[in-house]
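Coordinates in review
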Amino acid sequence: MSGFRTTGLVKRFARGVETVTALDGVDLAVAPGEFVALVGPSGSGKSTLLAVLCGWETPDEGALTLDGDLAGRRPDALGWAELALVPQALGLVADLSLADNVLLPARLRGVDEHDRAGELLAGFGLAHLADRYPHQASLGEQQRVAVARALLLRPAVLLADEPTAHQDRGHADRLLDAVRQRADDGAAVLLATHDELAWARADRVLSMRDGRLTEGAPS
Ligand SMILES: Nc1ncnc2c1ncn2[C@@H]1O[C@H](COP(=O)(O)OP(=O)(O)OP(=O)(O)O)[C@@H](O)[C@H]1O
Ligand SMILES: [Mg+2]
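Keep in mind it's a predicted model, so treat the numbers as computed, not measured. Throughout, a residue's number is its position along its own chain's written sequence, starting from 1. Throughout, the order in which chains and ligands are written sets their labels, letters from A for the former and numbers from 1 for the latter. Since the coordinates come from a predicted model, pLDDT governs what is reported: local features require at least 70, and pairs of side-chain atoms require 80 or more to be given and counted, while whole-chain, interface and lining totals use all residues. Values reported for side chains reflect all heavy atoms of the structure, with hydrogen atoms and water molecules removed beforehand.

Looking at the pairing of strand β7 (residues 188-192)
Here is the rule we go by: Between buried and exposed lies partly exposed: a residue is buried under 20% and exposed over 50% of the maximum accessible area for its type, with that area taken using a 1.4 Å probe on protein chains only. Helix numbering and strand numbering both begin at the N terminus, where a helix is a DSSP run of H or I of at least 4 residues and a strand a DSSP run of E of at least 2. Between any two strands, pairing holds if DSSP finds at least two bridges. A right-handed crossover is one whose linking path, passing over the helix from the first strand to the second, runs clockwise when the strands point away from the viewer.
Here β7 lies mainly inside the structure; five of its five residues are buried. Of the two faces of β7, the one lined by A188, L190 and A192 and the one lined by V189 and L191 are each fully buried. Bridging between strand β6 (residues 157-161) and β7 involves five bridges; their strand directions are parallel. Each residue of the ladder has a partner; that of D161, found in β7, is A192. With respect to chirality, the unit in which β6 leads through helix α5 (residues 169-184) into the neighbouring parallel β7 is right-handed.

Some thoughts on the nonpolar core
The criterion, for reference: Here the nonpolar core consists of buried residues drawn from Ala, Val, Leu, Ile, Met, Phe, Trp, Tyr and Cys, with membership extended through side-chain atoms lying within 4.5 Å.
With 44 residues, the main nonpolar core has F35, V102, F124, L152, L158, V189 and L191 as its most contacted residues. With six residues, helix α4 (residues 139-151) is the single largest residue contributor to this core. In terms of nonpolar packing, the next biggest core, distinct from the first, is built from 27 residues, L9, V157, L206 and L213 among them.

Quick look at the sheet that holds strand β5 (residues 83-86)
This is how the line gets drawn: Here an axis means a line fitted to C-alpha atoms, over the contact stretch when the element is a helix, while the angle between two N-to-C directions is reported on a 0 to 180 degree scale. We call two residues in contact when some of their heavy atoms are within 4.5 Å.
Here six strands make up an open sheet; going across it, the order is β5-β6-β7-β3-β8-β9 and the pairing mixed. Two strands close off the open sheet at either side, each with one partner strand: β5 and β9 (212-215). Neighbouring strand axes in the sheet, compared pairwise and without regard to direction, differ in orientation by 20° on average. The strands touched by α5 within the sheet are β3 (35-39), β6 and β7, with β7 carrying the most contacts at an inclination of about 150°.

Some details on the environment of R144
Inclusion rule: Any pair of nitrogen or oxygen atoms within 3.5 Å is treated as a polar contact; in protein, a donor-acceptor pairing is required on top of that, and neighbouring residues in sequence qualify only through side-chain atoms on both sides.
Mapping R144 onto the fold places it in helix α4. Overall, R144 belongs to the buried group, its relative accessible area being 6%. Expressed as a C-alpha distance, the spacing of R144 and T164, which sit 20 residues apart in the sequence, is 8.3 Å. When neighbours within four sequence positions are excluded, R144 is seen to be in contact with F124, G125, L126, Q167, H171 and L175. At 3.4 Å, the side chain of R144 forms a polar contact with the side chain of H171.

A closer look at the pattern of salt bridges
Note the cut-off: Salt-bridge detection follows one rule: a side-chain nitrogen of Lys or Arg within 4 Å of a carboxyl oxygen of Asp or Glu.
One pass over the structure, following the stated rule, counts 13 salt bridges. Measuring nitrogen to oxygen at the nearest pair gives 2.7 Å for the salt bridge that ties E61 to R12. With a gap of 49 residues between them, E61 in strand β4 (residues 61-66) and R12 in strand β1 (residues 4-15) connect regions that are remote in the sequence. Judged by its relative accessible area of 36%, R12 is partly exposed. The partner of R180 in a salt bridge is D184, with the nearest N and O atoms 2.9 Å apart. Residue R180 and its partner D184 are both found in helix α5; the two are separated by four residues, about one turn of the helix. One salt-bridge network, in which partners are shared between bridges, spans E34, R204 and E215.

This is how it looks when you write it as structure tokens:
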């Protein structure tokens with residue numbers, strides 16, 4: 001079990017001669033077993049926050065601390081059993097089948113998770129597509145593969161960037177049930193989303209605007 005907290009995270013990007021402050025002092029704590037939904041308009045900094053949390057981006061100021069079983073660890077040194085991400089752009093591997101994309105974290109870890117992968121594929125309505133390649137699947141199907149890949153190793157920390165953006169209501173329900181279950185099993189979950197179905201399942205909703213976080217859904 002592990003949660004995480006940030007204090008005073010600032011992330012700036014150069015844009016020509018200007019500087020964009022994508023994160024402007026973000027204090028956030030997500031406890032083990034907690035599902036937090038992160039809401040905010042396009043460009044407000046949601047993906048940037050997830051990129052810093054998973055170690056893809058280095059903050060200009062502030063700190064990220066993991067606790068519990070992951071205390072003292074750096075996010076960029078974690079495997080997908082510890083911290084897993086559903087990127088907004090999905091990041092599937094084009095020359096692996098959908099099943100092999102789901103299994104990738106297990107292959108990298110040297111463990112056999114074929115049964116678990118099969119269950120996730122079936123649960124997300126993908127069993128009949130297992131041998132197809134990403135370009136042979138719809139965007140919604142590809143997104144469900146990315147969620148299955150993130151859930152495969154039951155990560156202690158789950159970060160997901162608008163994981164229901166390409167789903168109909170029925171498939172969104174299935175994905176969100178699986179995410180809720182992961183939190184109920186002890187994971188710390190942060191999910192960027194515009195989907196009110198997700199807010200309903202979350203323990204807390206946080207709003208982001210211009211790189212700043214406030215408690216509660218946007219008014
Ligand atoms: N690598 C980058 N270089 C320059 N600017 C960036 C970079 N990544 C993000 N930004 C800028 O930082 C701000 C926050 O972007 P971010 O992608 O975090 O927003 P978002 O809330 O995820 O938006 P969306 O809902 O559209 O996904 C935006 O102004 C964006 O243009
Ligand atoms: Mg985004």
